[in-house]
Amino acid sequence: MPAGRRVFHVPVVICAVLCACGGSSGSAVPAGPSAPAKHLLVVTYTAGFRHSSIPVAEATIQSIGRSSGLFDTSFCRTADDVRAILTVDGLRALDGVFFANTTGDLGIPDMRAFLDWIAAGHGFVGAHSAADTYHESDDYLAMLGGEFDTHGAIVAADIRVDDSSDPSVAYLAPRFTITDELYRFTRNSRANVHVLLSMDHVPADGVGVAGAPADLLMAWRRDYGSGRVFYTALGHREEVWQDPRFQKHLLGALTWALGR
Ligand SMILES: [Zn+2]
């Protein structure tokens, strides 16, 4: 992405609580007699900017899978992993993928095949810079439903819940406040996605006129063929991944995306 875009990446202290993710794949506690665990691949390879929150993100997602019994977790962390796993053969054993702060062109060998795999009935969840990924792929961005444009300083955001019936955000209704880096997108995709979270006024982060009326989407879901795509713009800071409210948001996202 253009170097001028990301100007406010404030380093934050990595909290040690959830940073114990190692190199091996995790296996979840069985979900119970009626619900075998789904298989989730967490992709954290970055070809552009790399968020310091990635280790915390990996550990958080794995922990959500274990505590819920919903899914087990494997990881895709390097360019070699991408070439080996994000293929027709590599995806065969998976139920969903989670792009956790990926950036840039990841080197997926066959993008059309990857997108077709989602559309065939699998799940895709993207957090934060999943929208700062594959700017050159219209097909990827169309699947995701948004493209990162810019952001300002990290500030507290007043976020509105657009769908208080969706379990991924219902407990946050009608509004909540969270401190994070707040993405803006190149276009408003409200017509193409089911909006879950948005800001109805410009936050005081230096992008635009603070307090001015706006319609800034922050989380959404959409059907993609027979597949399910969920995106949340939150997830820049370690502290967000460690926030129980964000973890509940992700559990709701994954429960839906994995078809439960
Ligand atoms: Zn960020």
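Here, every reference points to the structure presented above.
Sequence order sets the numbering: in each chain, residues are counted from 1 along the sequence as written. Local features in a predicted model are, by the rule used here, given only for residues with pLDDT of at least 70; side-chain atom pairs are given and counted only at 80 or more, and totals for whole chains, interfaces and linings are based on all residues. To obtain the side-chain values, all non-hydrogen atoms of the structure were included, while hydrogens and water were left out.

1. Considerations on the overall build of the protein
Stage number 1. Helix numbers and strand numbers start at the N terminus; a helix is a DSSP run of H or I with at least 4 residues, a strand a run of E with at least 2. The helix and strand inventory of the protein stands at seven helices and 11 strands.
Stage number 2. Burial classes follow relative accessibility: with a 1.4 Å probe on protein chains only, a residue under 20% of its type's maximum area counts as buried, one over 50% as exposed, and anything between as partly exposed. Counting every position in the protein, which comprises 260 residues, the buried fraction comes to 53%.
Stage number 3. Sequence-distant contacts in the protein: of pairs separated by 6 or more residues, those separated by 24 or more amount to 74%.
Stage number 4. Accessible surface, the protein: about 10200 Å² in total, of which carbon and sulfur atoms supply 55%. In what follows, a contact means two residues having at least one pair of non-hydrogen atoms within 4.5 Å. Each accessible area is a Shrake-Rupley result for a 1.4 Å probe, and residues are judged covered by the shown protein chains and nothing else.

2. Notes on the coordination of the zinc ion
The expected angle between donors at a tetrahedral four-coordinate metal is 109.5 degrees. At an octahedral six-coordinate metal it is 90 or 180 degrees.
Stage number 1. For Na, K and Ca the donor cutoff is 3.2 Å, while for all other metals N, O and S atoms must lie within 2.8 Å; water is not among the atoms, so some sites may look incomplete. Around the zinc ion, the donor atoms from the protein are His 51 (NE2), His 128 (NE2), Glu 181 (OE) and His 236 (ND1), and they sit 2.1 Å away.
Stage number 2. Here the zinc ion is ringed by four donor atoms whose angles at the metal span 85 to 165°, and the overall shape comes out irregular.
Stage number 3. Along the chain, the residues that donate to the zinc ion are spaced as H-x76-H-x52-E-x54-H. One end of the pair, His 51, is in the loop between strand E1 (38-43) and helix H1 (54-68); the other, His 128, is in the loop between strand E4 (123-127) and helix H5 (138-144), and 77 residues separate them in sequence. Accessibility assignment for this pair places His 51 and His 128 in one class, buried. A site with four donors is called tetrahedral when every donor-metal-donor angle falls between 85 and 135 degrees; four donors are called square planar, and six octahedral, when opposite donors sit more than 155 degrees apart and all other angles fall between 65 and 115; any other arrangement is irregular.

3. Details of the sheet that holds strand E7 (residues 175-180)
Stage number 1. For two strands to pair, DSSP has to find at least two bridges joining them. On the basis of which strands lie adjacent, the open sheet formed by nine strands has the order E2-E1-E3-E4-E11-E10-E9-E6-E7 and mixed pairing. Of all the strands in the sheet, just strand E2 (71-76) and E7 have a single pairing partner and so form its edges. Taken over all neighbouring pairs, the strand axes of this sheet differ in orientation by 25° on average, direction set aside.
Stage number 2. Bridge count for strand E3 (residues 96-100) against E4 is five bridges, and the pairing is parallel. Bridge pairing links Phe 99 to Gly 126 in E4. Lines are fitted to the C-alpha atoms to define the axes, a helix being fitted only along its stretch in contact, and any angle between axes, read from their N-to-C directions, falls within 0 to 180 degrees.

4. Some words on the packing of H1 against helix H7 (residues 244-257)
Stage number 1. Interaxial distance between H1 and H7 falls to 10 Å at its minimum, and their mutual angle equals 65°. What the angle tells us is that H1 and H7 run roughly perpendicular. Crossing of H1 over H7 shows right-handed handedness. The residues of H7 that touch H1, namely those facing Thr 60, Ile 64 and Ser 68, are Gln 247, Leu 250 and Leu 251.
Stage number 2. Any residue outside Ala, Val, Leu, Ile, Met, Phe, Trp, Tyr, Cys, Pro, Asp, Glu, Lys and Arg is labelled polar, Gly included; the first ten of those are nonpolar and the last four are charged. For the contact of H1 with H7, the residue count by class is three nonpolar, three polar and no charged. Convention used here: angles under 35 degrees read as roughly parallel, angles over 145 as roughly antiparallel, angles from 65 to 115 as roughly perpendicular, and any remaining angle as oblique. Should the near helix be turned anticlockwise from the far one by less than a right angle, the crossing is termed left-handed; should it be turned clockwise, right-handed.

5. Considerations on the pairing of E1
Stage number 1. Inspection of the sheet shows E1 paired to E2 by six bridges, in the parallel sense. Within the sheet, the bridge partner assigned to His 39 lies in E2 and is Asp 72.
Stage number 2. Here, the term right-handed applies to a crossover whose path from the first strand over the helix to the second runs clockwise when the strands point away from the viewer. Taken together, E1, H1 and E2 constitute a β-α-β crossover, and its handedness is right-handed.
Stage number 3. Relative to E3, E1 runs parallel, the two sharing four bridges. What sits directly across from Val 42, in E3, is Phe 98.

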